Amino acid sequence: MSSHLHARIKEIFLAVCEREATERPDVLEEMCGADVELRREVESLLGFHEPPASTPERIASYRLLQKIGEGGMGEVYEATQLEPVRRRVALKVIKAGMDSKAIVARFESERQALALMDHPNIARIFDAGTTERGRPYFAMEYVAGEPITSYCDRMRLGMGERLELFVQVCDGVQHAHQKGVIHRDIKPSNVLVRILDARPVPTIIDFGIAKATQQRLTEQSVFTTMGMLIGTPEYMSPEQAEMTGLDVDTRTDVYSLGVMLYELLTGALPFDPGTLREGGFDEIRRRIREQEPSKPSTRVSTLGEVTGETANRRRTDPTGLRRQLRGDLDRITMKALEKDRTRRYASPSELAADIERHLRHEPVLASPPGTLYRGRKFVRRHRVGVAAGALVMAALLAGVAGTSVGFVRAKREAETARRVSGFLQRLFDDVNPGAARGSITTPAEILDRGAERIETELAGQPLVQADLMVTLGNAYRGLGLYERADPLFERSAAIHREHLGPGSLEYASSISFLGDLRAQTGRYAEARQQLEEALAIRRVSLRSDDPRLAWSLRSLGHVYWRTSELETARSVLQQALEIGESTRDRERLDVAMTLILLALVELDYREYDSARQRLERSLELGERVLGPDHILVADVLGVIGRTYHESGDLEAARPLFERAVAIVEGAGGPDHPRIAIPLQGLARVLSSTGDHDGARTRFHRALAIQESGLGPDHPDIAYTLRGIGTLNLRSGDLAGARGAYERAMAIAERAFGPEHLDVARAAYDLGYLEYRAGDHVESRRQHERALEIFGKIFGSGHRVLAASLYSLACLSALENDREKAFRLLRESFDHGFALPYFLRDPDFDTLRGDPEFEAIVREFKARLPEE
């Protein structure tokens with residue numbers, strides 16, 4: 001055999017050994033081609049070095065359970081360490097027969113590489129040794145996870161969630177680099193996602209072909225054979241494809257991370273695996289070194305029917321997927337995939353930092369730092385959830401442009417068009433970082449400047465002023481600056497009434513905006529008057545299926561729900577839903593908003609299944625129309641979380657509240673008023689699970705945000721205070737609980753009068769507090785008040801009354817009023833009370849043994865569902 005053939009056989013043998021058993025036939029086919037003799041020699045060598053071996057039952061102090069992986073040089077087993085501690089591990093053992101110096105050195109290199117690591121995103125090594133037959137092994141952390149790409153697809157993670165996981169991977173690889181180790185085989189199967197403390201954590205495994213950059217990893221030298229292909233072709237950097245080993249540095253892992261990012265974003269690889277491998281070994285190398293992949297946004301456009309499924313797995317549609325990829329994500333990914341490593345990110349931390357800039361809507365390094373680009377990112381950083389979820393300033397632009405076009409078409413006045421165009425140009429000069437001269441720093445300041453200019457520059461164009469005021473008002477409202485929006489809506493309505501008449505649709509639109517805002521700020525009586533007036537105008541002027549009619553019905557439904565007119569609210573919201581469902585696809589957002597309100601009504605009735613079904617549909621519509629990170633989606637998630645919390649499923653509720661909080665923080669900032677509801681929902685879950693410190697922090701943050709943004713007497717604050725009261729009660733602070741409950745009741749009474757649902761809820765809470773404090777007289781008074789209000793709102797037979805009836809039965813038993821206790825118990829059961837706690841409730845200890853009480857116990861047990 002010639003020395004050349006011997007070298008080639010060795011080259012192919014070592015390359016095949018590096019691959020999984022299932023991949024080896026393909027590698028042999030690619031590297032041997034039509035050379036039958038060459039392939040026979042390699043297969044013979046493989047057979048000699050890998051004789052059949054039975055799985056041992058035990059190695060040292062480890063009992064082997066099952067083989068979970070196999071590479072070129074080692075086998076990986078799930079095992080139980082028996083001593084000195086008992087735990088589950090992954091045990092990697094060098095294969096029988098794989099005892100060449102090169103293979104042993106590489107195996108020990110991996111062992112040493114892992115031993116250097118101490119990072120939450122890298123599998124830890126616990127122990128190392130040698131078997132009785134001299135085969136090296138090491139025990140490492142068992143990672144019960146799945147490849148990052150399959151996890152993201154299975155969980156249908158949106159772009160933001162995928163990128164957050166990917167940043168953790170970059171952090172882990174960066175740690176390895178800081179320890180002087182290059183992984184050289186970053187790919188999804190080597191990055192497993194597991195759940196730790198209810199959170200997904202990506203963990204990097206398999207440093208089998210790692211390379212040291214600053215130190216020797218073992219006492220034996222590890223040489224990369226000249227002309228040997230190291231790594232997985234689909235994820236391999238151009239310098240790895242050179243096969244010299246001389247140009248491989250930390251940027252090689254950056255390239256592989258770029259490939260993984262490409263796959264996470266698009267569901268496809270930069271180079272199609274079939275096409276990449278079909279040309280044989282040399283063609284693989286050429287394509288990796290020379291061929292430029294398509295941008296991610298372009299790639300998803302070429303996937304055909306697969307694009308729909310790819311988009312669905314990212315909670316969007318094909319158009320939305322391409323829109324999300326264009327721009328920053330295209331540039332970041334392609335910078336990581338640069339053929340010339342000097343143009344790549346210098347490190348994984350640089351790549352991660354650019355992704356985090358993108359997530360914060362800041363300019364990224366991968367993008368040209370032009371003025372227009374930076375201005376656009378400034379606006380994106382401060383986007384909020386206005387009516388259709390557009391950016392604040394983009395909404396303003398659309399409003400101004402629409403106004404100018406409509407006005408010009410109606411009046412044909414070129415002078416008006418010129419003046420509006422000038423207004424628009426001067427206003428957006430303030431957004432341009434290169435032109436603002438440092439005087440404008442926030443969206444609110446830009447809107448303030450716009451409001452001033454409307455009054456001065458468009459003084460002769462009142463209808464243009466009115467339309468612009470509505471647009472600005474909605475932008476202020478989206479930012480949570482309600483007090484600045486109110487006078488703009490009010491002034492717009494006055495202009496439309498004066499110039500177009502009290503029956504005009506324009507006037508109806510203005511007072512609808514004003515009514516919605518006043519409902520949002522707790523001024524329900526005024527809101528009701530304005531919204532009913534708008535509905536009357538629209539009923540006269542519009543078709544019965546016009547979406548604007550649905551808008552009025554939905555807005556009124558919100559007011560009726562908030563003022564505890566639940567049946568009226570349900571009726572008008574159902575009318576709004578029927579109109580919304582009869583219109584074109586563009587009105588689906590209206591349907592989503594109506595479904596939320598109907599679900600809230602059903603929650604008050606404790607119709608949890610129906611409410612959850614409506615909310616799941618609303619969530620699907622919201623994510624499809626607006627994307628997964630819109631503030632309306634956060635609203636839906638918060639209400640779904642409430643349904644799970646109130647029905648006792650805390651584990652399901654918590655991640656929903658957490659995601660809702662994150663969305664509002666990203667869209668509107670950490671102090672936006674709409675963050676308070678999901679924030680206190682999360683606090684309630686923490687309170688129920690005993691995390692009182694975590695709950696208290698979130699409750700008080702929510703309260704501070706509400707008091708600052710809504711005022712100290714806003715009705716929503718009563719809900720927060722009741723949560724704080726319950727937390728204080730659980731912590732043993734009866735005085736703190738009483739103060740919170742009493743303030744909640746006072747706010748509700750001022751806002752709604754003495755017979756509102758929120759008043760009844762506060763009375764019930766106070767009744768329980770006084771029961772705990774031993775004041776049975778005051779406890780009974782509060783429970784009877786709650787029962788009376790519940791009965792007026794829901795009817796005398798509704799199950800909402802059950803808890804109050806049971807509490808009054810407890811008090812009667814403690815006061816030894818046996819007849820009343822028996823009657824109230826039966827009434828509570830008839831209303832649906834079915835908590836098994838009754839069977840051991842000490843309040844009824846004095847009644848046990850009484851034949852009538854024992855009969856009640858038997859009746860109660862008969863009502864319980866069979867287990």
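Only a predicted model underlies this, so the values are computations on that prediction, with no experimental measurement involved.

Asker: Please explain the pattern of salt bridges as it appears in this structure.
Answerer: For the structure shown, the criterion picks out 66 salt bridges. Note that Asp546 is salt-bridged to Arg548, the shortest N-O span being 3.1 Å. Given a relative accessible area of 36%, Arg548 falls into the partly exposed group. A salt bridge links Glu707 to Arg743, with the shortest nitrogen-to-oxygen separation between them at 2.9 Å. Of this pair, Glu707 sits in helix α31 (residues 692-710) while Arg743 sits in helix α33 (residues 734-752), placing them 36 residues apart in sequence. One network of salt bridges, with partners in common, ties together Arg562, Asp604, Arg642, Glu646, Asp716, Asp758 and Arg761.

Asker: Please clarify how the packing of helix α24 (residues 547-562) against helix α25 (residues 566-582) should be interpreted in this entry.
Answerer: When two helices pack together, you describe them by how their axes are tilted relative to each other and by the distance separating the axes. Their axes nearest at 8 Å, the elements α24 and α25 cross at an angle of 160 degrees. On the basis of their axis angle, the class for α24 and α25 is roughly antiparallel. Between α24 and α25 the crossing geometry is left-handed. Of α25, the residues touching α24 (which contributes Pro547, Leu549, Ala550, Leu553, Arg554, Leu556, Gly557, Tyr560 and Trp561) are Leu566, Thr568, Ala569, Val572, Leu573, Gln575, Ala576, Ile579 and Gly580. Across the contact of α24 with α25, the residue classes tally to 13 nonpolar, 4 polar and 1 charged.

Asker: Just checking my understanding: could you explain helix α32 (residues 716-730) for this structure?
Answerer: What sets the pattern is the α-helix's 3.6 residues per turn: residues three or four places apart point alike. Here α32 contains 15 residues, and its C-alpha end-to-end distance of 22 Å stays within 8% of the 21 Å for a straight helix at 1.5 Å per residue. For α32, the tally of buried residues reaches 11 of 15 residues, placing the bulk of the element in the interior. Backbone geometry just downstream of α32 places Gly732 in the positive-phi region, at approximately 90 degrees.

Asker: Explanation requested: the environment of Thr310 in the structure shown.
Answerer: Take Thr310: it is sitting in helix α12 (residues 306-312). Thr310 gets classed as buried once you look at its relative accessible area, which sits at 5%. Linking Thr310 and Asp153, residues 157 residues apart in sequence, is a C-alpha distance of 8.4 Å. Setting aside residues no more than four positions away along its own chain, Thr310 makes contact with Thr266, Gly267, Leu303 and Leu321.

Asker: What exactly am I supposed to notice about the sheet that holds strand β10 (residues 199-204) here?
Answerer: Within a beta sheet, neighbouring strands are joined by backbone hydrogen bonds and run either parallel or antiparallel to one another. Across the sheet, which stays open at both edges, the 3 strands sit in the order β7-β9-β10 with antiparallel pairing between neighbours. Single-partner strands in this sheet number two, and they are β7 (146-147) and β10. Across 6 bridges, the pairing between strand β9 (residues 191-196) and β10 is antiparallel. Considered in β10, the bridge of Ile195 is made with Pro200.

Asker: Mind showing me how you'd approach the pairing of strand β3 (residues 74-81) here?
Answerer: For a regular strand, the rule is simple: side chains alternate between the two faces of the sheet. With 8 of 8 residues buried, β3 is to be regarded as a mostly interior element. What you see with β3 is no split at all: Gly74, Val76, Glu78 and Thr80 on one side and Glu75, Tyr77, Ala79 and Gln81 on the other are buried throughout. Strand direction decides the pairing type here: strand β2 (residues 62-70) and β3, joined by 7 bridges, are antiparallel. Bridge pairing links Glu70 to Glu75 in β3. In this sheet, strand β4 (residues 87-94) lies alongside β3 in antiparallel orientation, the contact comprising 8 bridges. Within β4, the position partnered with Glu75 by the bridge is Val93.

Asker: Teacher, can you tell me more about the packing of helix α8 (residues 250-266) against helix α14 (residues 328-336) here?
Answerer: Close contact between α8 and α14 brings their axes to 7 Å; oriented N to C, the two are set at 145 degrees. The element α8 and its partner α14 pack so that their crossing is left-handed. Of the residues in α14, those touching α8 at Val254, Tyr255, Gly258, Leu261, Tyr262 and Leu265 are Leu329, Ile332, Thr333 and Ala336. In terms of residue class, the contact of α8 with α14 is made up of 8 nonpolar, 2 polar and no charged.

Asker: Even after reading the chapter, I still don't get the sheet that holds β4, so can you show me in this structure?
Answerer: The antiparallel open sheet is built from 6 strands, whose spatial order is β1-β2-β3-β4-β6-β5. One side of each edge strand has no neighbouring strand; the edge strands of this open sheet are β1 (58-59) and β5 (125-130). Pairing analysis gives 5 bridges linking β5 to strand β6 (residues 136-141), with the strands arranged antiparallel. From the neighbouring strand, Thr130 faces β6, where its bridge partner is Pro136.

Asker: It is not clear to me how the environment of Tyr644 should be interpreted in this structure. Could you clarify?
Answerer: Positionally, Tyr644 belongs in helix α28 (residues 631-646). Given a relative accessible area of 18%, Tyr644 falls into the buried group. Along the chain, Tyr644 and Arg654 lie 10 residues apart, while their C-alpha atoms are 9.0 Å from each other. Beyond its immediate stretch of four places on either side in the chain, Tyr644 contacts Arg612, Glu616, Asp649, Ala652, Ala653 and Leu656.

Each value, and the rule that gives it
- Residues numbered from 1 in each chain as written.
- Predicted model: local features only at pLDDT ≥ 70, side-chain atom pairs only at ≥ 80, totals over all residues.
- Heavy atoms only, no water.
- Salt bridge = Lys/Arg side-chain N within 4 Å of Asp/Glu carboxyl O.
- Buried < 20%, exposed > 50% of the residue type's maximum accessible area, 1.4 Å probe, protein only.
- Helix = DSSP H or I, 4+ residues; strand = E, 2+ residues; numbered from the N terminus.
- Axes fitted to C-alpha atoms, helices over the stretch in contact; angles between N-to-C directions.
- Parallel < 35°, antiparallel > 145°, perpendicular 65-115°, else oblique.
- Left-handed = near helix turned anticlockwise from the far one by under 90°.
- Contact = heavy atoms within 4.5 Å.
- Nonpolar A, V, L, I, M, F, W, Y, C, P; charged D, E, K, R; others polar.
- Expected span 1.5 Å × (residues − 1).
- Pairing = 2+ DSSP bridges.

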